[in-house]
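Architecture and fold: a report
Each chain is listed here by its residues.
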Amino acid sequence: MEIYENENDQVDAIKRFFAENGKALAVGVILGVGALVGWRYWTSHQTESAQSSSATYERVVSALKADKPETLASAEKFAAENKNTYGALASLELAQQFVDRNELEKAAAQLQQGLAATSDENLKGMINIRLARIQVQLKQQDVALKTLDSVKGEGWAAIVADLRGEALLSKGDKQGARTAWESGVKNNASPALSEMMQMKINNLSI
């Protein structure tokens, strides 16, 4: 550490330091301030963007629920353009619209789009379960089983077991279906779901 004999030496040292490093310090300060301003702008932009997406999503869903045919295209546009949770939720709503119209392929496509739009594991679980249900209806049992394999979280375990049983039974695998449903009954299923799976197990014996 440098030792100074008096204040003048200290002042001279400070002057030399700024003469030698002034430009770097100025750049550092500018970059630091720039980064702070940039960060604040980005967070503000993110908040405004989320609020805008939320408001638009509410309008889109309300229009869909009002069953206005002309809003279907605008809802699809919103879902395609918003690669976030609101886009994924819009895809879920659209998928239900297509299921109601018995357009299962379009419903599956919307759900696939929703999966790509979100990183939320709970939302992905819900989308995958609905997708697997549609895939079973489309007689795509093996695809449905793979979809169910990607569902994470104990909260979905019983529902996954029920759908897995349906997919396996559709393939003619009665023993596999029984095993899946028995697992679901033991997996803290809701009383209604547990009773339904037990009925399916009993029907296998008939």
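As shown above, the structure is provided for reference.
Because the structure is a prediction, the values reported are computed rather than measured.

Summed over all chains, the structure comprises six salt bridges. Between Glu-103 and Lys-106 there is a salt bridge, and its shortest N-O distance comes to 3.1 Å. For Lys-106, a relative accessible area of 46% gives the class partly exposed. Note that Lys-200 and Asp-162 form a salt bridge whose closest N and O atoms lie 2.7 Å from each other. One end of the pair, Lys-200, is in helix 9 (residues 191-204); the other, Asp-162, is in helix 7 (residues 157-170), and 38 residues separate them in sequence. Across the pair, exposure class does not vary: Lys-200 and Asp-162 are buried alike. Residues participating in the shared-partner salt-bridge network are Asp-162, Glu-166 and Lys-200.

With that settled, consider the side chain of Lys-200. According to the relative accessible area criterion, Lys-200 is buried, its value standing at 17%. A polar contact is formed between the side chain of Lys-200 and the side chain of Asp-162, at a distance of 2.7 Å.

Look at helix 7 against helix 9: their axes get within 10 Å of each other, and the N-to-C directions meet at 25 degrees. In this view, helix 7 runs roughly parallel relative to helix 9, as classed from their interaxial angle. With respect to the hand of their crossing, helix 7 and helix 9 are arranged in left-handed fashion. Across from Ala-158, Ile-159, Asp-162, Glu-166 and Leu-169 in helix 7, the residues of helix 9 making contact are Leu-193, Met-196, Met-197, Lys-200 and Leu-204. Here the contact of helix 7 with helix 9 is built from residues that sort into seven nonpolar, no polar and three charged.

On to the nonpolar core. One finds Leu-64, Leu-94, Leu-111, Ile-127 and Ile-134 to be the most contacted residues of the largest nonpolar core, which totals 24 residues. Leu-111 has contacts with Leu-92, Ala-95, Ile-127, Arg-130, Leu-131 and Ile-134, leaving out every residue within four places of it along the chain. Formed by 20 residues, the second largest nonpolar core is a distinct cluster that contains Leu-163, Trp-181, Ala-189 and Leu-193.

Moving on, we get to unusual backbone geometry. A positive phi angle is found at Asn-102, which is not glycine, with a value near 60 degrees. Judged by its relative accessible area of 62%, Asn-102 falls in the exposed class. With phi around 65 degrees, Lys-139 is a residue other than glycine that occupies positive phi space. Among the secondary structure elements, Lys-139 is positioned in the loop between helix 5 (121-137) and helix 6 (141-149). A residue is classified by how much of its surface remains accessible, and Lys-139, at 60% relative accessible area, is exposed.

The axes of two packed helices give the description: the angle between them and the distance between them. Here helix 7 crosses helix 8 (residues 174-186) at 170 degrees, and the two axes come no closer than 8 Å. Between helix 7 and helix 8, the interaxial angle falls into the category roughly antiparallel. Each of Ala-158, Ala-161, Asp-162, Arg-164, Gly-165, Glu-166, Leu-168 and Leu-169 in helix 7 lies in contact with helix 8, whose residues at this interface are Lys-174, Gly-176, Ala-177, Ala-180, Trp-181 and Gly-184. When the residues that make up the contact of helix 7 with helix 8 are grouped by side-chain class, the tally is seven nonpolar, three polar and four charged.

What counts as what
- Residues numbered from 1 in each chain as written.
- Predicted model: local features only at pLDDT ≥ 70, side-chain atom pairs only at ≥ 80, totals over all residues.
- Heavy atoms only, no water.
- Salt bridge = Lys/Arg side-chain N within 4 Å of Asp/Glu carboxyl O.
- Buried < 20%, exposed > 50% of the residue type's maximum accessible area, 1.4 Å probe, protein only.
- Helix = DSSP H or I, 4+ residues; strand = E, 2+ residues; numbered from the N terminus.
- Polar contact = N/O pair within 3.5 Å; in protein donor to acceptor, adjacent residues only side chain to side chain.
- Axes fitted to C-alpha atoms, helices over the stretch in contact; angles between N-to-C directions.
- Parallel < 35°, antiparallel > 145°, perpendicular 65-115°, else oblique.
- Left-handed = near helix turned anticlockwise from the far one by under 90°.
- Contact = heavy atoms within 4.5 Å.
- Nonpolar A, V, L, I, M, F, W, Y, C, P; charged D, E, K, R; others polar.
- Core = buried A, V, L, I, M, F, W, Y, C linked by side-chain atoms within 4.5 Å.

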